[in-house]
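Read off the chains here:
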Amino acid sequence: MDLFAYKIIPVVVLQNPEDARPVGEALVAGGLPIAEVTFRTEAAAECVSIMSEIEGLTVGVGTVVALPQIELAVEAGAQFFVSPGLRPELIREARLAGKPILPGAVTPSEIMEALSLGITTVKFFPANLYGGVAGIKALAAPFTSMRFVPTGGISPANITEYLSLSCVAALGGSWMIPPALVAAGDFEGITKLCRQAVELAAAAV
Ligand code: 3PG
């Protein structure tokens, strides 16, 4: 599975399981058939199960910070894991489950630790606070083999500059699923934001 095929990984934060299906379908309709459902709400596991039933949608979990979440996510049908940080036991558990994991790293030491664990792509979060494009460029200089997935503060305004870096594998972000659109039931609005993101990503690479 290539998590980075679409160059953008939508970060989904849902409070209500009943929003899971329409949001998942909106992502597929918008040309971004991949969802990182964050373990930040009580509804997360149920949202993963519901979204996993949507044809053509690849569903994973984000904000994985503790081991039991991996088992819970696998039971719910998750196909990949994203963690904001670097914990060797999470990487081990994901590998035992036979599914990809994207762990976070933002410092030279964390990147060296990630490389020693056989990780070749890291989440760079929160990208806007850890130097943005300039921060990634500086880290990519010594760590030529590492690829980055910046997340945090990404929007249509900065997609192009991030994706123009060859060391950026993809971006993550929640901007195309604004809570206000979810609350209003404006799933067509989510599809439109996805289409706009896909167009910007296509133009950037
Ligand atoms: C994440 O978990 O990856 C981030 O919270 C997404 O950041 P954003 O909400 O600023 O896009």
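Preceding this paragraph is the structure being described.
Residues numbered from 1 in each chain as written. Predicted model: local features only at pLDDT ≥ 70, side-chain atom pairs only at ≥ 80, totals over all residues. Heavy atoms only, no water.

Q: I keep staring at the site of the ligand and nothing clicks. Help me out?
A: Around the ligand, the structure places V11, R40, K123, F125, T151, G152, G153, G173 and S174. Residue R40 places a side-chain N or O atom 2.3 Å away from an oxygen atom belonging to the ligand. Separating an oxygen atom of the ligand from a side-chain N or O atom of K123 is a distance of 2.5 Å. Summarising the interface, the protein chains cover 81% of the accessible area of the ligand, which totals 310 Å² for the free molecule. Of the residues assigned to the shell around the ligand, the class counts are two nonpolar, five polar and two charged. (Near = heavy atom within 4 Å. Polar contact = N/O pair within 3.5 Å; in protein donor to acceptor, adjacent residues only side chain to side chain. Areas by Shrake-Rupley, 256 points an atom, 1.4 Å probe, with all protein chains shown as cover. Nonpolar A, V, L, I, M, F, W, Y, C, P; charged D, E, K, R; others polar.)

Q: Before we go on, may I ask you to explain unusual backbone geometry in this structure?
A: The phi angle of most residues is negative, glycine excepted, and most peptide bonds adopt the trans form. For the bond from F125 to P126, the omega torsion is -10°, close enough to zero to count as cis. Note on placement: P126 falls in the loop between β6 (121-124) and α6 (132-140). Not every positive phi belongs to a glycine, and K7 is a case in point at roughly 70°. Tracing the sequence through the fold places K7 in the segment before β1 (8-12). (Helix = DSSP H or I, 4+ residues; strand = E, 2+ residues; numbered from the N terminus.)

Q: Explain helix α4 (residues 88-97) to me, please; I cannot follow it from the model alone.
A: Because each turn of an α-helix spans 3.6 residues, side chains separated by three or four positions end up pointing in the same direction. Those residues of α4 that sit buried are L90, I91 and A94. Looking straight down α4, one finds that the buried residues subtend no more than 100° of arc, so they occupy a single side. Turned more than 90 degrees off the buried face of α4, the exposed positions are R92 and L96. In the core, the buried residues of α4 are packed alongside α3 (67-76), β4 (81-82) and β5 (101-102). Looking at the residues trailing α4, positive phi occurs at G98, about 75°. (Buried < 20%, exposed > 50% of the residue type's maximum accessible area, 1.4 Å probe, protein only. Arc of directions from axis to C-beta. Contact = heavy atoms within 4.5 Å.)

Q: Can you walk me through helix α9 (residues 187-204) in this structure?
A: For α9, built from 18 residues, the straight-helix expectation of 26 Å at 1.5 Å per residue is met to within 8% by its first-to-last C-alpha distance of 26 Å. For α9, the full list of buried residues reads F187, G189, I190, T191, C194, A197, A201 and A204. Tucked inside the fold, the buried residues of α9 contact β1, α1 (20-29), α7 (159-163) and α8 (179-184). (Expected span 1.5 Å × (residues − 1).)

Q: Looking at this structure, I do not really get the pattern of salt bridges. What am I missing?
A: A side chain with one charge can pair with a side chain of the opposite charge if their charged atoms come near. Taken as a whole, this structure holds four salt bridges when the rule is applied. Notably, a salt bridge pairs R21 with E25, separated by 3.0 Å at the nearest N-O pair. Of this pair, R21 and E25 both sit in helix α1, four residues apart, roughly one helical turn. On the basis of relative accessible area, R21 is assigned to the partly exposed category, the value being 33%. Given a relative accessible area of 39%, E25 falls into the partly exposed group. Where salt bridges share partners, they join R21, E25 and E53 into one cluster. (Salt bridge = Lys/Arg side-chain N within 4 Å of Asp/Glu carboxyl O.)

Q: Which parts of the structure should I look at to understand the pairing of strand β3 (residues 58-62)?
A: Consecutive side chains along a regular strand alternate between the two faces of the sheet. The buried count for β3 comes to five of five residues, which makes it a mostly enclosed element. As defined by bridge partners, strand β2 (residues 34-38) adjoins β3 across five bridges and the pair is classed as parallel. Bridge pairing in β3 links T38 to G62. For the handedness criterion, the β-α-β arrangement of β2, helix α2 (residues 44-52) and β3 is classed as right-handed. (Pairing = 2+ DSSP bridges. Right-handed = clockwise from strand over helix to strand, strands pointing away.)

Q: What's the story with the packing of α1 against α9 in this structure? I'm lost.
A: Any two packed helices are characterised by how steeply their axes cross, that is the angle between the axes, and by the distance between the axes. Running from N to C, α1 and α9 point in directions that differ by 35°, and their axes come no closer than 8 Å. Between α1 and α9 lies a crossing whose hand is right-handed. Seen from α1, the contacting residues are P22, V23, A26, L27 and A29; seen from α9, they are F187, I190, T191, C194 and R195. (Axes fitted to C-alpha atoms, helices over the stretch in contact; angles between N-to-C directions. Left-handed = near helix turned anticlockwise from the far one by under 90°.)

Q: Would you explain the nonpolar core in this entry?
A: Where a protein is soluble and globular, its nonpolar side chains tend to be buried together. Counting residues in each nonpolar core, the largest one holds 65 residues, and the members touching the most others are I8, V12, V23, V37, M51, F148 and I190. Discounting residues that sit within four places of it in the chain, V12 has contacts with V23, L27, A35, E36, V37, T38, M51 and I177. (Core = buried A, V, L, I, M, F, W, Y, C linked by side-chain atoms within 4.5 Å.)

Q: In this structure, what is going on with the environment of K123? I would like to understand it.
A: Summarising the element assignment, K123 is placed in strand β6. With 28 residues separating them along the chain, K123 and T151 place their C-alpha atoms 6.9 Å apart. Not counting the four nearest positions on each side in its chain, K123 is found in contact with E36, V82, S83, P84, L102, P103, G104, A105, V149 and T151.

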